[in-house]
2 protein chains.
Amino acid sequence: MKNEIRIFSPATVANVACGFDVLGFCLDSQGDEMVIRKTKEKGIKITYIEGYDLPYETDKNVAGVAALAMYENAKPDCGFEIEIYKRIKPGSGIGSSAASAVGSVFGMNELLGKPYNKTQLTYFAMKGEALASKSEHADNLAPAIFGGFTLVKSTLPLDILQIPTPTELYATIIHPQIEIKTSEAREILPKNIPLKDAIAQWANVGSLVHALHISDYKLIHRSLQDIIVEPYRKQLIPHFDDVKFSAMEAGALGCAISGSGPSIFTLNKGIEIAKNVKDAMSLIYSKTNIDFDIHISKINTQGIKIIN
Amino acid sequence: MKNEIRIFSPATVANVACGFDVLGFCLDSQGDEMVIRKTKEKGIKITYIEGYDLPYETDKNVAGVAALAMYENAKPDCGFEIEIYKRIKPGSGIGSSAASAVGSVFGMNELLGKPYNKTQLTYFAMKGEALASKSEHADNLAPAIFGGFTLVKSTLPLDILQIPTPTELYATIIHPQIEIKTSEAREILPKNIPLKDAIAQWANVGSLVHALHISDYKLIHRSLQDIIVEPYRKQLIPHFDDVKFSAMEAGALGCAISGSGPSIFTLNKGIEIAKNVKDAMSLIYSKTNIDFDIHISKINTQGIKIIN
């Protein structure tokens, strides 16, 4: 058995317009790299961090906390060192903390001979995610671990479903370089919502799941609507309406806030439309003084993986 | 082309636990029969009603109003007579008015050479349904016309999806002979609901649609939950909790109010469990002074049909 592996831990899009807190999908274009190494000395140590300024203390680092949760359960006769090559900017809204949390537990599980299944890995990773977002949720973790589209049916008990991915789907994700605190994005939401809006939203969740099963792109388009969360959160993202309008004009199937933002994602049928959408979205922020990154990504149906 | 047809217009279950106002499925065991006849004389006439005391005036009868909506659109060079052999008790919560509305427009469409598709038929039938329930909705109409499980993604524009039906599913439906007014069942519901409950509900809608696609009976079981509507409406149905408890103990996959009640449905894997559930549910009402009907039904994947 190997003593060291290098992994690619992907970025993810949570909520997917209609599926606030339950739906997510996995990206190919962006992700962290991490090295996990078995050591004789017991315990979990973070030995190297590159890319962003994150804490080395195991119990203050998302990857460390997730690793500790699993380590305390597994009680292995060894320890682990973690190196983090952080490529996903923290706070960008594409599952940066989830990638860290998932990376350590996936890597350790591989080095221990896979004692845990993917749902169990998600459970441990939730402990790390909770450090970043103050609540245990799995809507970024699940797609990072399982790949493709996932539906977190419940977190207690943890119940994760894998929804099929139509082959021609491409995502375009733009990250305007502004800061939104997850806590602020949470607080802006109402505690109660109109029943009639909830009905429209669960109709869209049901139809999106159906559309993904039968690869009906027009139905994906009709389902990618968020009347509950977007009206509140879009206020936190300058030019959101313009970006969305231009993306839809360019042929996107749907456009919505990724996670709690500020990233904005689209889903598109085919790479050509994804490129047109990329140009259209870029044009909006190019006219402002807001810096941005933009990526096109195939939906990553594999999820987190070992690399060389 | 025939001048007269006899049709079977099936009973249906709306809401299906988690899918309030959007999901429904079609029954085999109960339904109205109707005869639709072409006449030289123009206009729509209801010439015979058997079973229940319903108005003969076309514009006061659900089947008549639906027929008129289609007739005014089609402007055919003939008229129609409608005979109604009402078998589904009005107010039972299994789509009695929907069956009437669907029957007339389906029958007329057949006799005219099928100028309309199923969604268009649903649109006309909604006009009849509105007479009965004071609002245009399609959650009973859609399964009656399309068969199987349906999801009404929206009513404006009308967008109906057919969800696959796992082959081993059987419904048991008990109808306690009490009266619930649809208006009362509507008024008892809150205008606003907690966001966290809505999230749980749309997770269940998504997972039920997924479960129906992959014939995962255990997931159907886990998805058939209604935390939004049932807590309010069950107060209108004596012994609901006992019936549900006994049905679940007997092996039902799920048990909930059919439409706005008072009928209660279960879904079950296989006819044997459906029979056990029937016995268990019957036992509860047998101990009371409330009369009841109870039926076992395969899910009717064909929907409304011509009979001899």
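Remember, predicted model here, so these are calculated numbers, not experimental data.

Thresholds applied
Residues numbered from 1 in each chain as written. Chains lettered and ligands numbered in written order. Predicted model: local features only at pLDDT ≥ 70, side-chain atom pairs only at ≥ 80, totals over all residues. Helix = DSSP H or I, 4+ residues; strand = E, 2+ residues; numbered from the N terminus. Rg over C-alpha atoms; globule rule 2.2 N^0.38 Å. Buried ≥ 20, exposed ≤ 12 C-beta atoms within 10 Å, placed from the backbone. Contact = placed C-beta atoms within 7 Å. Expected span 1.5 Å × (residues − 1). Least-squares fit on C-alpha atoms with pLDDT ≥ 70 in both. Domains from an automatic or database assignment. Nonpolar A, V, L, I, M, F, W, Y, C, P; charged D, E, K, R; others polar. Pairing = 2+ DSSP bridges. Axes fitted to C-alpha atoms, helices over the stretch in contact; angles between N-to-C directions. Left-handed = near helix turned anticlockwise from the far one by under 90°. Right-handed = clockwise from strand over helix to strand, strands pointing away. Parallel < 35°, antiparallel > 145°, perpendicular 65-115°, else oblique. Arc of directions from axis to C-beta.

Asker: Explain the overall build of chain A residue by residue, including any values.
Answerer: The helix and strand tally for chain A stands at 10 helices and 12 strands. Its C-alpha atoms give chain A a radius of gyration of 19 Å, near enough to 19 Å, the size a compact globule of 308 residues would have. The C-alpha extent of chain A, read off along each of the three principal axes, is 60 × 40 × 35 Å. Looking at chain A residue by residue over its 308 residues, the buried ones come to 52%. A fraction of 74% describes how many contacts in chain A between residues 6 or more apart in sequence connect residues 24 or more apart.

Asker: Explain helix α6 (residues 195–214) of chain A to me, using residue names and the numbers behind them.
Answerer: Residues and elements named next belong to chain A. Its 20 residues give α6 an end-to-end C-alpha distance of 29 Å, which sits within 8% of 28 Å, the value for a rise of 1.5 Å per residue. Counting buried residues in α6 gives 14 out of 20 residues, a clear majority hidden from the surface. Downstream of α6 by a residue or two, Ser215 has a phi angle that is positive, lying close to 50 degrees.

Asker: How would you sum up the relation of the copies chain A and chain B? Please name residues and give values.
Answerer: Relative to chain B, chain A is turned by 180 degrees and slid 0.0 Å along the rotation axis, the superposed coordinates differing by an RMSD of 0.0 Å. Here the transformation between the copies is reduced to the relation of a two-fold axis. Comparing interface residues between copies, 100% of those in chain A also sit at the interface in chain B, which points to an isologous, same-surface contact.

Asker: Break down the domain arrangement of chain A for me, citing the residues and quoting the values.
Answerer: Residues and elements named next belong to chain A. We note that the domain assignment places domain 1 (4–163 + 301–307) and domain 2 (169–298) within chain A. Measuring from the centre of the C-alpha atoms in domain 1 to the corresponding centre in domain 2 gives 24 Å. Counting from both sides, the interface comprises 22 residues of domain 1 and, opposite them, 31 residues of domain 2. Residue contributions to the side of domain 1 that touches domain 2 peak at 4 residues, all from strand β2 (residues 23–39). A class-by-class count of the residues in the side of domain 1 that touches domain 2 yields 10 nonpolar, 10 polar and 2 charged.

Asker: Pulling in residues and values, what's your account of the environment of B:Ala247?
Answerer: Within the secondary structure layout, B:Ala247 lies in helix α9 (residues 240–249). Discounting residues that sit within four places of it in the chain, B:Ala247 has contacts with B:Ala252, B:Cys255, B:Thr266, B:Val277, B:Ala280 and B:Met281.

Asker: Describe the interface of chain A and chain B, with residues and values.
Answerer: Tallying the contact residues gives 29 residues for chain A and 29 residues for chain B. When residues of the side of chain A that touches chain B are traced back to their parent elements, those giving at least two are β5 (149–155), β6 (158–163), β8 (192–194) and α6 of chain A. It is α6(A) that provides the largest number of residues to the side of chain A that touches chain B, a total of 12 residues. Its residues placed into classes, the side of chain A that touches chain B shows 16 nonpolar, 8 polar and 5 charged. The sheet contact formed by β8(A) and strand β8 (residues 192–194) of chain B spans 3 bridges and is antiparallel. Of the residues in β8(B), the one forming a bridge with A:Ile193 is B:Ile193.

Asker: Lay out the packing of helix α2 (residues 96–111) of chain B against helix α3 (residues 118–133) of chain B with the relevant residues and their values.
Answerer: Residues and elements named next belong to chain B. Contact pair α2 / α3: the axes reach a minimum separation of 8 Å and the direction vectors enclose 145 degrees. In this structure, α2 crosses over α3, and the sense of that crossing is right-handed. When α2 is examined against α3, the residues Ser97, Ala98, Ser100, Ala101, Val102, Val105, Phe106 and Asn109 are found in contact with a partner set consisting of Leu121, Phe124, Ala125, Gly128, Glu129, Ala132 and Ser133. Residues belonging to the contact of α2 with α3 are distributed by class as follows: 9 nonpolar, 5 polar and 1 charged.

Asker: For unusual backbone geometry, give the residues involved together with the corresponding values.
Answerer: For residues besides glycine, phi is generally negative; the peptide bonds are generally trans as well. With an omega of 0 degrees, the peptide bond between A:Leu156 and A:Pro157 qualifies as cis. Here A:Pro157 lies in the loop between β5 and β6. In the segment running from B:Gly261 into B:Pro262, the intervening peptide bond is cis, with an omega of 5 degrees. Within the secondary structure layout, B:Pro262 lies in the loop between β9 (254–257) and β10 (264–269). With phi around 65 degrees, A:Ala17 is a residue other than glycine that occupies positive phi space. With respect to the secondary-structure elements, A:Ala17 resides in the loop between β1 (4–14) and β2. C-beta crowding within 10 Å serves as the criterion here: with 28 such atoms nearby, A:Ala17 is assigned to the buried category. Of note, the phi angle at B:His239 is positive, near 70 degrees, even though the residue is not glycine. Relative to the helices and strands, B:His239 resides in the loop between α8 (230–233) and α9.

Asker: Give me the lowdown on the pairing of strand β3 (residues 43–50) of chain A, citing residues and values where you can.
Answerer: Across a regular strand the side chains alternate sides, sitting on one face of the sheet and then on the other. Residues and elements named next belong to chain A. As paired strands, β3 and strand β4 (residues 79–85) are joined by 7 bridges and run parallel to one another. The residue bridging Tyr48 from the neighbouring strand is Glu83, located in β4. For the segment spanning β3, helix α1 (residues 62–74) and β4, crossover handedness is left-handed.

Asker: Report on the environment of A:Ala69, specifying residues and quantitative values.
Answerer: As for its position among the elements, A:Ala69 is in helix α1. Between the alpha carbons of A:Ala69 and A:Lys127 there is a distance of 6.7 Å; along the sequence they are 58 residues apart.

Asker: Please give an account of the sheet that holds strand β10 (residues 264–269) of chain A that cites residues and values.
Answerer: Residues and elements named next belong to chain A. Taken in spatial order, the 4 strands line up as β9-β10-β7-β11 in an open sheet, and their pairing is antiparallel. The open sheet has two edge strands with one neighbour each: β9 (254–257) and β11 (292–298). Neighbour-to-neighbour, the strand axes of this sheet turn through a mean angle of 20 degrees, independent of strand direction. The pairing of β9 with β10 spans 4 bridges and is antiparallel. Following the sheet pairing, Cys255 is matched in β10 by Thr266. Of the strands in this sheet, β7 (169–176), β10 and β11 are in contact with helix α10 (residues 271–286), which crosses β7 at around 15 degrees.

Asker: Provide a residue-level description of the packing of helix α9 (residues 240–249) of chain A against α10(A), including the pertinent values.
Answerer: Helix packing for two helices is described by the angle between their axes and how far apart those axes are. Residue and element names in this part refer to chain A. Orientation of α9 relative to α10, taken along the N-to-C sense of each, is 155 degrees, at an axis distance of 8 Å. Between α9 and α10, the crossing angle belongs to the class labelled roughly antiparallel. The interaxial crossing formed by α9 with α10 has right-handed handedness. Seen from α9, the contacting residues are Asp242, Val243, Ser246, Ala247 and Glu249; seen from α10, they are Val277, Ala280, Met281, Leu283 and Ile284.

Asker: Give me the lowdown on α9(A), citing residues and values where you can.
Answerer: Residues and elements named next belong to chain A. Buried residues of α9: Phe240, Val243, Lys244 and Ala247, and no others. Buried residues in α9, looked at end-on, bunch into an arc of 95 degrees, giving them a common side. Projecting away from the buried face of α9 at angles above 90 degrees are the exposed residues Asp241 and Glu249.

Asker: Residues and numbers for the sheet that holds β9(B), please.
Answerer: All names here are of chain B. The antiparallel open sheet is built from 4 strands, whose spatial order is β9-β10-β7-β11. Every other strand in the sheet has two partners, leaving β9 and β11 (292–298) as the edge strands with one partner each. Each neighbouring strand pair of the sheet contributes to a mean axis angle of 20 degrees, computed without reference to strand direction. The pairing of strand β7 (residues 169–176) with β10 spans 6 bridges and is classified as antiparallel. Within β10, the position partnered with Tyr170 by the bridge is Asn268.

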